[in-house]
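Summary of the model geometry
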Amino acid sequence: MNTKKRAEDFVLVHKEILSSNFTRLDLLSSTELPLIEAGQFVQVQIPSSLYGWLRIPISIHDVRAKERILSLLVQKVGDGSIQLSSCPENSKINLIYPLGKGFTMPNLELASLDTSILLVGGGCGIAPLLYLAKNLKENGIKTSVLLGARSRDQLICQETLSSYASLYPCTEDGSVGFKGLVTEHPLWKMESFSHIYTCGPTPMMKAVAALSVKMGSKHCQVSLENTMACGLGACLCCVTPSAQGHNLCVCTDGPVFDASVLGW
Ligand code: FES
């Protein structure tokens with residue numbers, strides 16, 4: 001299977017408004033999709049005359065390889081994402097993909113009964129974790145998900161995630177599930193996890209990484225959402241410091257990193 005990055009026109013075949021802020025776009029490729037890792041991203045060209053030159057980075061939310069469908073979860077945070085969310089079905093959308101390094105799966109040959117996985121997502125951070133949860137389920141690995149949001153209307157993807165993993169929703173206002181932050185959920189005291197994967201706001205990921213150390217989890221991977229421009233390692237606007245003090249390029253060295261290599 002071809003894994004090189006490529007630029008391609010997709011067709012927007014289905015659009016689903018998940019909340020006031022989030023829209024899911026299902027995009028059809030005219031050819032076989034390359035191998036795509038959970039955690040990789042695309043650079044999307046915004047299809048309008050005003051933003052025609054602009055590409056924005058978006059995590060790959062789901063892949064249905066047999067149907068040649070790649071899905072994106074778009075959060076309305078600026079002009080480009082608002083424009084993208086409002087594209088009508090049958091629009092052509094150009095992607096450069098698959099970009100970056102995704103999550104490293106547990107070694108499936110060594111996976112044993114004590115391999116237990118926790119995914120922790122906050123807000124739009126659930127975008128790459130859904131495809132990861134699907135891959136883990138397809139490999140028979142037991143997975144739990146802590147999914148956090150401010151309130152009910154911002155808590156998305158619950159139904160789909162529930163079909164792949166044990167889901168523990170958390171809301172700050174208590175409107176769904178546990179009232180509080182994902183890092184305050186009693187699951188942290190009830191179970192131990194061999195692998196922890198997280199994506200969301202940086203303070204949340206730092207707290208998750210600290211908790212993983214405290215509970216002795218050997219693997220904690222975080223997916224950074226730094227500002228990007230080229231997405232190809234050329235402009236260096238996305239760099240983040242490593243634990244040794246040198247710069248890591250989030251778009252090519254990441255966006256997924258083992259938490260222990262980061263200098264945060
Ligand atoms: Fe340009 Fe990473 S976005 S180097």
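As a starting point, this report considers the structure included with it.

Conventions used here
- Position numbers for residues count from 1 along each chain, tracking the sequence in the order it is written.
- Predicted model: local features are reported for residues with pLDDT of at least 70 only, side-chain atom pairs are reported and counted for 80 or more only, and whole-chain, interface and lining totals are derived from all residues.
- To get the side-chain values, all heavy atoms of the structure are used, and hydrogens and water are removed first.
- Helix and strand assignments come from DSSP, with helices taken as H or I runs of at least 4 residues and strands as E runs of at least 2, each series counted from the N terminus.
- Summary of the burial criterion: residues with accessible area below 20% of their type's maximum are buried, those above 50% are exposed, and those between are partly exposed, where the area comes from a 1.4 Å probe applied to protein chains only.
- Any two residues having at least one pair of non-hydrogen atoms within 4.5 Å are treated as being in contact.
- Side-chain rings of Phe, Tyr and Trp, where Trp is taken by its six-membered ring, are said to pair if the distance between their centres is within 6.5 Å; with planes under 30 degrees apart they count as stacked, over 60 as edge-to-face, and otherwise as tilted.

Here we look at the overall build of the chain
A count of helical and extended segments in the chain gives five helices and 15 strands. For the chain, the C-alpha atoms occupy an extent of roughly 50 × 40 × 35 Å along the three principal directions. Residue burial in the chain is summarised as follows: out of 264 residues, 52% are buried. Here the contacts in the chain between residues at least 6 apart in sequence split such that 63% fall between residues at least 24 apart.

Details of the packing of aromatic side chains
The geometry of an aromatic ring pair is captured by the separation of the ring centres together with the interplanar angle, meaning the angle of the planes. Evaluated as defined, the whole model comprises two aromatic pairs. Ring centres of F10 and Y97 lie 5.3 Å apart, and the angle between their planes is 75°; this geometry places the pair in the edge-to-face category. Linking F10 in strand β1 (residues 6–17) with Y97 in strand β6 (residues 92–99), this pair joins segments that are 87 residues apart in sequence. Measuring from centroid to centroid gives 5.5 Å for F103 and Y197, while their planes differ by 85°, and the two rings are edge-to-face. Of this pair, F103 sits in the loop between β6 and β7 (117–122) while Y197 is found in strand β11 (residues 195–199), placing the two residues 94 residues apart along the sequence. F103 gets classed as buried once you look at its relative accessible area, which sits at 5%.

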